[in-house]
Amino acid sequence: VTVVGILGGGQLGRMLALAGVPLGIHCICVEPAADPPAAVAAEVLHAPFDDRDALAALARRCDVVTVELEHVPAHALAWLAERVPVRPSPEAVSTAQDRLLEKRALNAAGVDTAPYAAIDEPTSGFDEGTIVKVRTGGYDGRGQVRLPPGGDVTAAARQLGVPSIAEGVVAFGRELSVLAARGLDGTIACWPVVENEHAAGILAVTRAPAAGLDAVKRRQAEAIARAWLQRFDYAGVVAVELFDTPAGLLANEVAPRVHNSGHWTIEGAVTSQFEQHLRAITDLPLGDPSAIGCSAMVNLIGTLPDVDAVLAVPGAHLHLYGKAPRPGRKLGHVTVVAPDEHGRDDALARLRTLVPTPG
Ligand code: ATP
Ligand code: MG
(Lines give C-alpha, C1' and ligand atoms only; values in the text may rest on other atoms or scores of the structure.)
(Ligands and ions follow the chains in the order given, each with its own letter.)
Protein backbone atom coordinates (compact mmCIF):
# COMPACT_ATOMS: atom_id res chain seq x y z
CA VAL A 1 0.00 0.00 0.00
CA THR A 2 0.94 3.60 -0.54
CA VAL A 3 1.42 5.48 2.73
CA VAL A 4 0.79 9.24 2.84
CA GLY A 5 1.91 11.34 5.79
CA ILE A 6 -0.18 14.40 6.63
CA LEU A 7 0.86 17.24 8.90
CA GLY A 8 -2.42 18.06 10.59
CA GLY A 9 -5.35 15.89 11.58
CA GLY A 10 -8.32 18.24 11.31
CA GLN A 11 -11.35 17.87 9.06
CA LEU A 12 -9.22 18.33 5.95
CA GLY A 13 -6.99 15.46 7.06
CA ARG A 14 -10.10 13.40 7.82
CA MET A 15 -11.54 13.92 4.34
CA LEU A 16 -8.16 13.26 2.71
CA ALA A 17 -7.81 10.00 4.65
CA LEU A 18 -11.38 8.97 3.78
CA ALA A 19 -10.64 9.59 0.08
CA GLY A 20 -7.55 7.43 0.41
CA VAL A 21 -9.44 4.35 1.56
CA PRO A 22 -10.84 3.25 -1.84
CA LEU A 23 -7.51 4.07 -3.51
CA GLY A 24 -5.67 1.75 -1.13
CA ILE A 25 -3.82 4.70 0.39
CA HIS A 26 -3.11 4.61 4.12
CA CYS A 27 -2.71 7.98 5.86
CA ILE A 28 -0.68 8.82 8.95
CA CYS A 29 -1.36 12.24 10.49
CA VAL A 30 0.78 14.21 12.91
CA GLU A 31 -1.50 16.27 15.14
CA PRO A 32 -0.75 18.06 18.42
CA ALA A 33 -4.39 18.20 19.57
CA ALA A 34 -6.11 15.25 21.25
CA ASP A 35 -8.88 13.28 19.50
CA PRO A 36 -8.47 14.92 16.09
CA PRO A 37 -11.17 14.58 13.39
CA ALA A 38 -8.84 12.53 11.16
CA ALA A 39 -8.57 9.73 13.73
CA VAL A 40 -11.65 7.97 12.30
CA ALA A 41 -9.83 7.22 9.04
CA ALA A 42 -6.10 7.71 9.66
CA GLU A 43 -3.42 6.63 12.06
CA VAL A 44 -2.56 9.59 14.29
CA LEU A 45 0.81 10.43 15.80
CA HIS A 46 -0.09 12.69 18.70
CA ALA A 47 2.83 15.14 18.73
CA PRO A 48 3.83 18.72 17.94
CA PHE A 49 4.55 19.39 14.24
CA ASP A 50 8.29 19.70 14.92
CA ASP A 51 8.57 16.59 17.11
CA ARG A 52 11.69 14.80 15.85
CA ASP A 53 10.42 11.28 16.64
CA ALA A 54 7.09 11.84 14.90
CA LEU A 55 8.78 13.38 11.85
CA ALA A 56 11.31 10.54 11.74
CA ALA A 57 8.44 8.02 11.84
CA LEU A 58 6.78 9.82 8.89
CA ALA A 59 10.05 9.86 6.95
CA ARG A 60 10.57 6.15 7.59
CA ARG A 61 7.06 4.94 6.91
CA CYS A 62 5.62 7.25 4.24
CA ASP A 63 6.01 7.35 0.48
CA VAL A 64 5.14 11.05 0.45
CA VAL A 65 4.26 13.71 3.04
CA THR A 66 1.76 16.53 2.60
CA VAL A 67 0.02 19.18 4.73
CA GLU A 68 -3.61 19.87 5.57
CA LEU A 69 -2.77 23.28 7.07
CA GLU A 70 -0.11 25.81 6.09
CA HIS A 71 0.82 26.83 9.62
CA VAL A 72 3.46 24.18 10.20
CA PRO A 73 7.06 25.10 11.06
CA ALA A 74 9.06 25.58 7.86
CA HIS A 75 12.10 23.87 9.42
CA ALA A 76 10.02 20.72 10.06
CA LEU A 77 9.05 20.57 6.38
CA ALA A 78 12.64 21.20 5.31
CA TRP A 79 13.89 18.42 7.62
CA LEU A 80 11.30 16.03 6.17
CA ALA A 81 12.09 17.02 2.59
CA GLU A 82 15.68 15.79 3.01
CA ARG A 83 14.30 12.33 3.79
CA VAL A 84 11.00 11.83 1.96
CA PRO A 85 9.19 13.65 -0.87
CA VAL A 86 7.15 16.57 0.52
CA ARG A 87 4.36 17.69 -1.82
CA PRO A 88 3.63 20.52 -2.32
CA SER A 89 7.23 21.63 -1.68
CA PRO A 90 8.30 23.32 1.56
CA GLU A 91 8.90 26.51 -0.45
CA ALA A 92 5.34 26.50 -1.80
CA VAL A 93 3.93 25.99 1.70
CA SER A 94 6.12 28.54 3.49
CA THR A 95 5.45 31.20 0.85
CA ALA A 96 1.70 30.80 1.38
CA GLN A 97 2.24 30.94 5.16
CA ASP A 98 3.35 34.54 5.06
CA ARG A 99 0.95 37.10 3.61
CA LEU A 100 3.80 39.38 2.57
CA LEU A 101 5.85 36.71 0.76
CA GLU A 102 2.62 35.36 -0.73
CA LYS A 103 1.60 38.72 -2.20
CA ARG A 104 5.09 39.35 -3.53
CA ALA A 105 5.12 35.91 -5.17
CA LEU A 106 1.69 36.50 -6.69
CA ASN A 107 2.75 39.87 -8.10
CA ALA A 108 6.02 38.39 -9.41
CA ALA A 109 3.97 35.72 -11.20
CA GLY A 110 1.93 38.47 -12.85
CA VAL A 111 -1.10 38.16 -10.55
CA ASP A 112 -2.71 41.32 -9.20
CA THR A 113 -3.55 41.70 -5.50
CA ALA A 114 -4.93 44.40 -3.22
CA PRO A 115 -2.41 47.20 -2.65
CA TYR A 116 -0.28 46.42 0.40
CA ALA A 117 2.68 47.55 2.43
CA ALA A 118 4.92 45.76 4.89
CA ILE A 119 4.38 47.40 8.25
CA ASP A 120 8.11 47.90 8.74
CA GLU A 121 7.87 50.38 5.88
CA PRO A 122 6.38 53.73 6.89
CA THR A 123 2.74 53.55 5.87
CA SER A 124 -0.15 55.88 6.46
CA GLY A 125 -2.77 53.43 5.25
CA PHE A 126 -4.84 53.47 2.09
CA ASP A 127 -7.44 55.98 0.93
CA GLU A 128 -10.13 53.30 0.68
CA GLY A 129 -9.49 52.06 4.25
CA THR A 130 -6.92 49.60 5.51
CA ILE A 131 -6.92 46.07 6.87
CA VAL A 132 -3.94 45.25 9.05
CA LYS A 133 -3.34 41.49 9.05
CA VAL A 134 -0.81 39.32 10.85
CA ARG A 135 1.70 38.02 8.32
CA THR A 136 1.56 34.43 9.57
CA GLY A 137 -0.86 32.27 11.51
CA GLY A 138 -4.17 34.06 10.80
CA TYR A 139 -7.23 32.13 9.66
CA ASP A 140 -11.01 32.49 9.61
CA GLY A 141 -10.59 36.26 9.79
CA ARG A 142 -8.57 36.12 13.03
CA GLY A 143 -5.55 38.38 13.42
CA GLN A 144 -7.03 41.28 11.43
CA VAL A 145 -7.89 44.87 12.26
CA ARG A 146 -10.02 46.89 9.85
CA LEU A 147 -9.42 50.66 9.84
CA PRO A 148 -11.36 53.50 8.19
CA PRO A 149 -9.49 55.91 5.90
CA GLY A 150 -7.04 57.85 8.06
CA GLY A 151 -7.00 55.15 10.79
CA ASP A 152 -3.81 54.62 12.77
CA VAL A 153 -2.04 51.74 11.03
CA THR A 154 0.97 51.76 13.34
CA ALA A 155 -1.24 51.53 16.44
CA ALA A 156 -3.22 48.65 14.91
CA ALA A 157 0.01 46.82 14.08
CA ARG A 158 1.25 47.33 17.62
CA GLN A 159 -2.04 45.95 18.94
CA LEU A 160 -1.56 42.76 16.88
CA GLY A 161 1.90 42.49 18.41
CA VAL A 162 3.44 40.33 15.66
CA PRO A 163 4.76 41.14 12.16
CA SER A 164 1.86 42.32 10.04
CA ILE A 165 1.00 43.86 6.68
CA ALA A 166 -1.38 46.63 5.70
CA GLU A 167 -3.77 46.01 2.81
CA GLY A 168 -6.03 48.45 1.02
CA VAL A 169 -9.73 47.57 1.39
CA VAL A 170 -10.95 46.22 -1.95
CA ALA A 171 -14.46 47.22 -3.05
CA PHE A 172 -15.23 43.82 -4.51
CA GLY A 173 -18.58 42.77 -5.93
CA ARG A 174 -18.22 39.27 -4.59
CA GLU A 175 -15.65 36.70 -3.54
CA LEU A 176 -14.66 33.76 -5.69
CA SER A 177 -12.12 31.01 -5.45
CA VAL A 178 -10.39 28.80 -7.93
CA LEU A 179 -9.07 25.35 -7.06
CA ALA A 180 -6.73 23.38 -9.26
CA ALA A 181 -4.40 20.44 -9.05
CA ARG A 182 -1.07 19.74 -10.71
CA GLY A 183 0.36 16.27 -11.09
CA LEU A 184 4.02 15.25 -11.05
CA ASP A 185 4.01 15.16 -14.85
CA GLY A 186 2.89 18.81 -14.97
CA THR A 187 -0.73 18.08 -15.91
CA ILE A 188 -3.14 20.67 -14.50
CA ALA A 189 -6.85 20.15 -13.75
CA CYS A 190 -8.99 23.10 -12.71
CA TRP A 191 -12.43 22.85 -11.06
CA PRO A 192 -15.14 25.33 -12.01
CA VAL A 193 -14.67 28.71 -10.28
CA VAL A 194 -16.91 29.03 -7.21
CA GLU A 195 -18.54 31.91 -5.33
CA ASN A 196 -18.00 32.30 -1.58
CA GLU A 197 -19.98 34.11 1.12
CA HIS A 198 -18.37 34.88 4.45
CA ALA A 199 -20.05 35.57 7.80
CA ALA A 200 -18.02 37.14 10.59
CA GLY A 201 -14.83 36.51 8.59
CA ILE A 202 -15.55 32.78 8.20
CA LEU A 203 -16.55 31.00 5.00
CA ALA A 204 -20.28 30.32 5.29
CA VAL A 205 -21.55 29.32 1.82
CA THR A 206 -19.96 28.22 -1.45
CA ARG A 207 -21.91 28.06 -4.69
CA ALA A 208 -20.46 25.95 -7.48
CA PRO A 209 -20.12 26.96 -10.21
CA ALA A 210 -20.22 30.73 -9.56
CA ALA A 211 -23.34 32.20 -11.19
CA GLY A 212 -22.94 34.40 -14.25
CA LEU A 213 -19.15 34.37 -14.47
CA ASP A 214 -18.05 35.48 -17.92
CA ALA A 215 -15.48 33.53 -19.91
CA VAL A 216 -12.85 36.28 -19.56
CA LYS A 217 -12.90 36.10 -15.76
CA ARG A 218 -13.09 32.32 -15.78
CA ARG A 219 -9.95 32.19 -17.89
CA GLN A 220 -8.31 34.80 -15.68
CA ALA A 221 -9.02 32.70 -12.58
CA GLU A 222 -7.58 29.61 -14.23
CA ALA A 223 -4.51 31.54 -15.35
CA ILE A 224 -3.96 32.74 -11.76
CA ALA A 225 -4.06 29.17 -10.45
CA ARG A 226 -1.80 27.98 -13.26
CA ALA A 227 0.73 30.76 -12.60
CA TRP A 228 1.06 29.68 -8.98
CA LEU A 229 1.25 25.96 -9.81
CA GLN A 230 3.97 26.50 -12.40
CA ARG A 231 5.96 28.99 -10.31
CA PHE A 232 6.47 26.34 -7.60
CA ASP A 233 6.65 23.25 -9.84
CA TYR A 234 3.72 22.33 -7.63
CA ALA A 235 2.28 18.91 -6.87
CA GLY A 236 -1.16 18.68 -5.28
CA VAL A 237 -4.23 20.88 -4.90
CA VAL A 238 -4.03 24.64 -4.50
CA ALA A 239 -6.81 27.11 -3.75
CA VAL A 240 -6.68 30.81 -4.58
CA GLU A 241 -9.22 33.14 -2.97
CA LEU A 242 -10.23 35.94 -5.33
CA PHE A 243 -11.96 39.30 -5.21
CA ASP A 244 -14.25 39.87 -8.19
CA THR A 245 -14.03 43.55 -9.17
CA PRO A 246 -15.26 45.42 -12.26
CA ALA A 247 -11.61 45.81 -13.31
CA GLY A 248 -10.94 42.08 -13.07
CA LEU A 249 -9.94 39.54 -10.47
CA LEU A 250 -7.53 40.18 -7.60
CA ALA A 251 -5.94 37.36 -5.63
CA ASN A 252 -6.57 37.57 -1.87
CA GLU A 253 -4.70 34.57 -0.56
CA VAL A 254 -3.40 31.17 -1.53
CA ALA A 255 -3.97 27.93 0.39
CA PRO A 256 -1.30 25.31 -0.42
CA ARG A 257 -3.73 22.49 0.31
CA VAL A 258 -7.31 21.33 -0.05
CA HIS A 259 -9.71 24.12 0.88
CA ASN A 260 -13.12 24.63 2.48
CA SER A 261 -14.46 26.17 -0.75
CA GLY A 262 -13.72 22.83 -2.46
CA HIS A 263 -15.79 20.62 -0.14
CA TRP A 264 -18.64 20.63 -2.68
CA THR A 265 -16.45 18.53 -4.99
CA ILE A 266 -17.02 15.42 -2.84
CA GLU A 267 -20.50 14.98 -4.30
CA GLY A 268 -20.60 17.81 -6.86
CA ALA A 269 -17.64 16.98 -9.11
CA VAL A 270 -16.47 13.89 -10.95
CA THR A 271 -13.27 13.94 -8.87
CA SER A 272 -13.20 15.42 -5.37
CA GLN A 273 -10.41 17.73 -4.25
CA PHE A 274 -9.38 15.14 -1.66
CA GLU A 275 -9.05 12.29 -4.15
CA GLN A 276 -7.32 14.63 -6.60
CA HIS A 277 -4.77 15.78 -4.05
CA LEU A 278 -3.88 12.17 -3.23
CA ARG A 279 -3.67 11.30 -6.92
CA ALA A 280 -1.44 14.30 -7.61
CA ILE A 281 1.05 13.69 -4.79
CA THR A 282 1.28 9.91 -5.31
CA ASP A 283 1.91 10.20 -9.06
CA LEU A 284 -1.42 8.77 -10.18
CA PRO A 285 -3.23 10.27 -13.20
CA LEU A 286 -5.42 13.25 -12.32
CA GLY A 287 -9.19 12.81 -12.45
CA ASP A 288 -11.86 14.82 -14.24
CA PRO A 289 -12.62 18.04 -12.32
CA SER A 290 -15.96 18.69 -14.07
CA ALA A 291 -19.00 19.59 -11.99
CA ILE A 292 -21.99 17.26 -11.85
CA GLY A 293 -24.88 19.73 -11.96
CA CYS A 294 -24.94 22.69 -9.56
CA SER A 295 -23.89 22.53 -5.91
CA ALA A 296 -24.02 24.61 -2.79
CA MET A 297 -22.01 24.00 0.37
CA VAL A 298 -23.10 25.41 3.72
CA ASN A 299 -20.70 25.35 6.66
CA LEU A 300 -21.97 24.32 10.07
CA ILE A 301 -20.26 26.83 12.35
CA GLY A 302 -20.48 26.93 16.15
CA THR A 303 -23.69 24.92 16.56
CA LEU A 304 -25.25 21.98 14.77
CA PRO A 305 -28.62 22.22 13.01
CA ASP A 306 -31.50 19.74 13.22
CA VAL A 307 -29.99 16.82 11.35
CA ASP A 308 -33.34 15.31 10.28
CA ALA A 309 -34.46 18.61 8.77
CA VAL A 310 -31.18 19.06 6.89
CA LEU A 311 -31.31 15.54 5.47
CA ALA A 312 -34.91 16.06 4.35
CA VAL A 313 -33.70 18.67 1.83
CA PRO A 314 -33.53 16.95 -1.56
CA GLY A 315 -29.97 16.40 -2.72
CA ALA A 316 -28.46 17.21 0.69
CA HIS A 317 -25.37 15.43 2.01
CA LEU A 318 -24.27 15.92 5.62
CA HIS A 319 -20.64 15.86 6.77
CA LEU A 320 -19.89 16.06 10.49
CA TYR A 321 -16.30 16.39 11.65
CA GLY A 322 -16.75 14.93 15.15
CA LYS A 323 -15.75 18.18 16.87
CA ALA A 324 -17.24 19.59 20.06
CA PRO A 325 -19.42 22.70 19.43
CA ARG A 326 -17.72 26.02 20.18
CA PRO A 327 -18.53 29.50 18.82
CA GLY A 328 -16.85 30.17 15.48
CA ARG A 329 -15.71 26.56 15.06
CA LYS A 330 -16.29 24.65 11.81
CA LEU A 331 -18.19 21.54 12.93
CA GLY A 332 -19.28 20.17 9.60
CA HIS A 333 -20.84 21.10 6.28
CA VAL A 334 -23.81 20.27 4.09
CA THR A 335 -23.61 20.00 0.32
CA VAL A 336 -26.64 20.03 -1.93
CA VAL A 337 -26.32 18.92 -5.54
CA ALA A 338 -29.10 19.77 -8.00
CA PRO A 339 -29.46 19.39 -11.75
CA ASP A 340 -29.46 23.15 -12.38
CA GLU A 341 -28.99 26.57 -10.76
CA HIS A 342 -32.68 26.93 -9.88
CA GLY A 343 -32.76 23.63 -8.05
CA ARG A 344 -29.53 24.50 -6.29
CA ASP A 345 -30.74 27.92 -5.18
CA ASP A 346 -34.06 26.49 -3.92
CA ALA A 347 -32.25 23.87 -1.87
CA LEU A 348 -29.78 26.49 -0.60
CA ALA A 349 -32.64 28.77 0.48
CA ARG A 350 -34.09 25.87 2.49
CA LEU A 351 -30.74 25.10 4.06
CA ARG A 352 -30.27 28.73 5.07
CA THR A 353 -33.45 28.55 7.15
CA LEU A 354 -32.08 25.48 8.97
CA VAL A 355 -28.45 26.46 9.52
CA PRO A 356 -27.67 29.37 11.89
CA THR A 357 -25.29 32.01 10.51
CA PRO A 358 -22.46 33.05 12.88
CA GLY A 359 -21.71 36.64 13.83
P1 ATP B 1 -9.80 32.42 5.84
O2 ATP B 1 -9.08 31.52 6.77
O3 ATP B 1 -11.29 32.35 5.99
O4 ATP B 1 -9.38 32.33 4.42
P5 ATP B 1 -8.16 34.59 6.67
O6 ATP B 1 -8.14 34.79 8.13
O7 ATP B 1 -7.03 33.86 6.05
O8 ATP B 1 -9.51 33.93 6.28
P9 ATP B 1 -8.47 36.61 4.61
O10 ATP B 1 -8.92 35.61 3.62
O11 ATP B 1 -7.29 37.41 4.27
O12 ATP B 1 -8.25 36.02 6.07
O13 ATP B 1 -9.68 37.61 4.93
C14 ATP B 1 -10.94 37.14 5.38
C15 ATP B 1 -12.03 37.91 4.68
O16 ATP B 1 -11.91 39.32 4.95
C17 ATP B 1 -11.96 37.82 3.16
O18 ATP B 1 -12.57 36.64 2.68
C19 ATP B 1 -12.72 39.09 2.77
O20 ATP B 1 -14.12 38.94 2.97
C21 ATP B 1 -12.22 40.09 3.81
N22 ATP B 1 -11.03 40.78 3.31
C23 ATP B 1 -9.75 40.37 3.48
N24 ATP B 1 -8.89 41.21 2.87
C25 ATP B 1 -9.61 42.18 2.29
C26 ATP B 1 -9.30 43.35 1.52
N27 ATP B 1 -8.05 43.68 1.23
N28 ATP B 1 -10.34 44.11 1.10
C29 ATP B 1 -11.62 43.80 1.41
N30 ATP B 1 -11.97 42.71 2.13
C31 ATP B 1 -11.00 41.91 2.57
MG1 MG C 1 -9.18 33.83 3.27
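All of these numbers come straight from a predicted model, not from anything done at the bench.

Reading the values: rules and limits
- Residues numbered from 1 in each chain as written.
- Chains lettered and ligands numbered in written order.
- Predicted model: local features only at pLDDT ≥ 70, side-chain atom pairs only at ≥ 80, totals over all residues.
- Heavy atoms only, no water.
- Core = buried A, V, L, I, M, F, W, Y, C linked by side-chain atoms within 4.5 Å.
- Buried < 20%, exposed > 50% of the residue type's maximum accessible area, 1.4 Å probe, protein only.
- Helix = DSSP H or I, 4+ residues; strand = E, 2+ residues; numbered from the N terminus.
- Near = heavy atom within 4 Å.
- Polar contact = N/O pair within 3.5 Å; in protein donor to acceptor, adjacent residues only side chain to side chain.
- Areas by Shrake-Rupley, 256 points an atom, 1.4 Å probe, with all protein chains shown as cover.
- Nonpolar A, V, L, I, M, F, W, Y, C, P; charged D, E, K, R; others polar.
- Donors = N, O, S within 2.8 Å, 3.2 Å for Na, K, Ca; no water.
- Pairing = 2+ DSSP bridges.
- Axes fitted to C-alpha atoms, helices over the stretch in contact; angles between N-to-C directions.
- Contact = heavy atoms within 4.5 Å.
- 1 Å grid on protein atoms, 1.4 Å probe; cavity = no way out; pocket = protein on both sides within 12 Å on 5 of 7 lines; lining within 4 Å.
- Points joined across faces, edges and corners; volume = space filled by probe spheres on them.

Draft legend 1. Up close: the nonpolar core. Counting residues in each nonpolar core, the largest one holds 33 residues, and the members touching the most others are Val-4, Cys-27, Trp-191, Trp-264, Phe-274 and Leu-278. Every element with two or more residues in this core is listed here: β1 (2-7), α1 (11-23), β2 (25-31), β9 (174-182), β12 (202-208), β13 (236-245) and α9 (273-281). When residues in this core are grouped by element, the largest group, five residues, is from α1. Counting residues in each nonpolar core, the second largest holds 25 residues, with Ala-92, Val-238, Val-240 and Leu-249 among its members.

Draft legend 2. Structural context of the site of ligand 1. Near ligand 1 you find 22 residues, and of these Lys-133, Asp-140, Gly-141, Glu-175 and Glu-253 are the closest. Contacts to ligand 1 include Arg-146, whose side-chain N or O atom sits 3.5 Å from a nitrogen atom. One of the side-chain nitrogen or oxygen atoms of Glu-167 is found 2.9 Å away from a nitrogen atom of ligand 1. Contact with the protein chains covers 92% of the free accessible surface of ligand 1, which is 610 Å². Here the shell around ligand 1 is composed, by residue class, of seven nonpolar, six polar and nine charged.

Draft legend 3. Fine view of the coordination of the magnesium ion (ligand 2). Protein-derived coordination of the magnesium ion (ligand 2) comes from Glu-241 (OE), Glu-241 (OE) and Glu-253 (OE), at a distance range of 2.0 to 2.8 Å. Separated by twelve residues along the polypeptide, Glu-241 in strand β13 and Glu-253 in strand β14 (residues 248-255) bring together distant segments of the chain.

Draft legend 4. Fine view of the sheet that holds strand β3 (residues 43-46). The four strands are arranged β3-β2-β1-β4 in an open sheet whose pairing can be described as parallel. Each edge of the sheet is formed by a strand with only one pairing partner; in this case those strands are β3 and β4 (64-67). Along the sheet, successive strands turn relative to each other by an average axial angle of 25°, direction set aside. Sheet analysis places β1 next to β4, joined by four bridges and oriented parallel. Across the sheet, the residue bridging to Val-4 is Val-64, located in β4. This element, α9, spans β1, β2 and β4 of the sheet and lies at about 140° to β4.

Draft legend 5. Just the layout of surface pockets, in detail. By volume, the second largest pocket is sized at about 220 Å³. Looking at the second largest pocket, it is lined by 13 residues, and the ones nearest its centre are Met-15, Leu-18, Ala-19, Ile-266 and Phe-274. Breaking the lining of the second largest pocket down by element, the ones donating at least two residues are α1, α9 and β16 (316-320). Element by element, the count of residues in the lining of the second largest pocket is highest for α1, at six residues. Considered class by class, the residues forming the lining of the second largest pocket number nine nonpolar, two polar and two charged.

Draft legend 6. Layout of the sheet that holds strand β6 (residues 130-134). Across the sheet, four strands lie side by side as β5-β8-β6-β7; this open sheet has antiparallel pairing. Each of the sheet's edge strands pairs with one partner strand only, and the pair in question is β5 (116-118) and β7 (144-147). Mean inter-strand twist for the sheet, computed between neighbouring axes without regard to direction, equals 20°. In this sheet, β7 lies alongside β6 in antiparallel orientation, the contact comprising four bridges. In the sheet register, Val-132 faces β7, and the bridge partner there is Val-145. Sheet strands in contact with helix α5 (residues 99-108) are β5, β6, β7 and β8 (164-168), and its direction is about 130° off that of β5. In this fold helix α6 (residues 153-160) packs onto β6, β7 and β8, with an angle of close to 25° to the strand it touches most, β6.

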